[in-house]
Amino acid sequence: MLQNTFFSDKYNMKKSLFLLAFILFCNLCFSLEVIEDSELEFSKDRIEYFGDTQKYVLVERTDLRRYDNGRYTGLTSREVRSFVSPISAPKNVASDYLYDTWFSGNFMVLESTKSANSLTAKGLDDFIPSTFHISPNGKLTVVPKDKGFPTFRSFPTFPDEEIKPGDTWVGEAIRTVDPLNKGIYTKLQIVVQYTYIGKETYKGTPVYHLKANWATRYGSGTLYHDWEGDESLAKATGSHKADIMVSIETGAAILISDTVDETFFYDDGNNVSYKGKITLFTEFPPSIDKTEITNALSKIATIKTESNSEDYYKDGVLSGNPPISNGYSSENSWNDDVPFQVNTSSGYLGNGGSETNFVPKPSNQTVVTKPAAEEAKNDMVVEETDAGLRLSVRNLQFIPDSSQLLPSERNRLDEIAKVLKLAPKATFLVEGHSASTGNPTGEKNLSVERAKSIVDELVKRGIPANQFIFRGLGSEVPIADNSTSEGKALNRRVEITILE
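Residues numbered from 1 in each chain as written. Predicted model: local features only at pLDDT ≥ 70, side-chain atom pairs only at ≥ 80, totals over all residues. Heavy atoms only, no water.

> Where do I start with the pattern of salt bridges in this structure?
Side chains that carry opposite charge are capable of pairing whenever their charged atoms lie near each other. Enumeration according to the criterion identifies 24 salt bridges in this entry. Ionic pairing is found between R412 and E409, a salt bridge with its closest N-O pair at 2.9 Å. Residues R412 and E409 agree in their burial class; the two are buried. For E457, the salt bridge goes to K460, with nearest N and O atoms at 3.5 Å. Of this pair, E457 and K460 both sit in helix α5 (residues 440-460), 3 residues apart, which is roughly one turn of that helix. Among the residues examined, K460 registers a relative accessible area of 64% and is labelled exposed. Overlapping salt bridges, with partners in common, bring together R61, E79, R81 and E283 in one network. (Salt bridge = Lys/Arg side-chain N within 4 Å of Asp/Glu carboxyl O. Buried < 20%, exposed > 50% of the residue type's maximum accessible area, 1.4 Å probe, protein only. Helix = DSSP H or I, 4+ residues; strand = E, 2+ residues; numbered from the N terminus.)

> Explain the nonpolar core to me, please; I cannot follow it from the model alone.
Nonpolar side chains in soluble globular proteins generally cluster together in the buried interior. Core analysis: the biggest nonpolar cluster contains 48 residues, and F132, F155 and F264 have the highest contact counts within it. Not counting the four nearest positions on each side in its chain, F132 is found in contact with Y56, V84, T101, W102, F103, F107, L140, T141, V142, V143 and P150. A296, V382, F468 and I496 belong to the second-largest nonpolar core, a separate cluster that totals 33 residues. (Core = buried A, V, L, I, M, F, W, Y, C linked by side-chain atoms within 4.5 Å. Contact = heavy atoms within 4.5 Å.)

> I would appreciate a short explanation of the packing of aromatic side chains in the present structure.
Any pair of aromatic rings gets described here by the distance separating the centres and the angle formed by the planes. According to the stated counting rule, one finds 11 aromatic pairs in the structure shown. Look at F155 and W214: their rings are 5.1 Å apart centre to centre, the planes differ by 70°, and that puts the pair in the edge-to-face class. Taken together, the residues span a long stretch of sequence, with F155 in the loop between β6 (152-153) and β7 (168-177) and W214 in strand β9 (residues 205-219) at a distance of 59 residues. Each member of the pair F155 and W214 is classed as buried. In this structure an aromatic cluster arises from ring pairing among F152, F155, W169, Y194 and W214. Over the aromatic face of F265 sits the side chain of K235, whose NZ or CZ is 6.0 Å from the ring centroid. The aromatic ring of F127 is capped on one face by R471, whose charged end is 3.8 Å from the ring centroid. (Phe/Tyr/Trp six-rings, centres within 6.5 Å; stacked < 30°, edge-to-face > 60°. Lys NZ or Arg CZ within 6 Å of the ring centre and 35° of its normal.)

> I would appreciate a short explanation of the pairing of strand β11 (residues 253-266) in the present structure.
Within a regular strand, side chains alternate between the sheet's two faces. The buried count for β11 comes to 10 of 14 residues, which makes it a mostly enclosed element. Pairing between strand β10 (residues 233-247) and β11: 13 bridges, direction antiparallel. Considered in β11, the bridge of L233 is made with Y266. Sheet topology places β11 next to strand β12 (residues 271-283); 11 bridges connect them, and they run antiparallel. What sits directly across from V260, in β12, is G276. Where β11 hands over to β12, the hairpin turn is made up of 4 residues, of which G269 adopts a positive phi near 95°. (Pairing = 2+ DSSP bridges.)

> I would appreciate a short explanation of unusual backbone geometry in the present structure.
Glycine aside, a negative phi is what most residues show, and trans is what most peptide bonds show. A cis amide bond links F149 with the next residue in sequence, P150, at an omega value of 0°. Following F155, the chain continues to P156 via a peptide bond in cis, the omega torsion being 0°. Topologically, P156 is positioned in the loop between β6 and β7.

Structure, rendered in structure tokens:
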């Protein structure tokens, strides 16, 4: 009896100790869970734009189904490829914008293609220089004259406070559109609702994942109208849903995938609708060995080290005599006596006016200069431009009024191809120029055909076609006097730039 009681008490004691241990374990687990939940609740992120410090390529791909007055009329495919470089802020810009990140880019609008991965050389529909700056919260302002690019501005924008997954905020942005391809861009003001999804990894890059939704609202019945846009655009409606990947390191959007469904109504009663995808993503140009390439070029061409003429810009393009107005001096320098501000309503940089005719020299704008007085080796000159190394091939010999090269040009093209093969992943911009004959349309068409002819010849020599972008400028950018045969020979040229 006593023995049974003893064992019974011993059993009860063990049972009590086990229950106590179990209760303590449960309490510990509960405490850990509370701590983890607490940490999750207060683990927040601050998304901020720190600025890109290197050159990059911004690609905008559009694949949209088009409907005219409700009837399907085909697939619209377009690619805009821009080579963008960080630049210094103008030294006398308004202090509010002095510490923004400033950029200059050449936006190249490529011809429509059946496939975004088409392994062919791509002709340019347009070539648009743009200078813009971005504030830490993501607001983008184009200066001094808005030509439609970048098409998305202040998108995405970020809240000032820290956020956690599931948090939402609202930001204002601008998108430019040209639904009928008139070359007239209309700014649509949009109000975007963002949702923070969380941190992820995209193609090996740590990113913040955001979702964005907004409605297209413009014109009749709304508060939005762009008086500098297409006057015939009466109204626009529609919806957008986008996924955005933002680099944690820089705060720059490296991918935007936008699902589009919108309709544009015009004064003449017609309307056009677009449905599909707009994708924007960032690439970084491959590094090239400039020393190796320059040494190779020096064996076949003259390396130009100094400019023999003044370079100047008007509306982002080299032309005419340098303007003397609105703070731009005849010495081609900024006038420190004129205070510059950004007119945020128009997006122009200037002394309070709505428009100016000057622009800081973009860092990647191709610089055109007068030819050197000395003879050029093999009629070829190499110049270092902010867009990259540029080889100017002068006095090209074609069959008259034709894009067919004479056999005498084979050796030059052989040597050029050998050099370009030293940059196997680079993009080459080939630009055709003609002498003036008094027929601008014919000159332009012929210069395009001749640029394409040079591309075709280089492709035959083993360079992949998809490395080339080409365009023709006719006689718009002469480098010599067209009244002499010598000047015409210099103007009749093709320029090949290794873009970076």
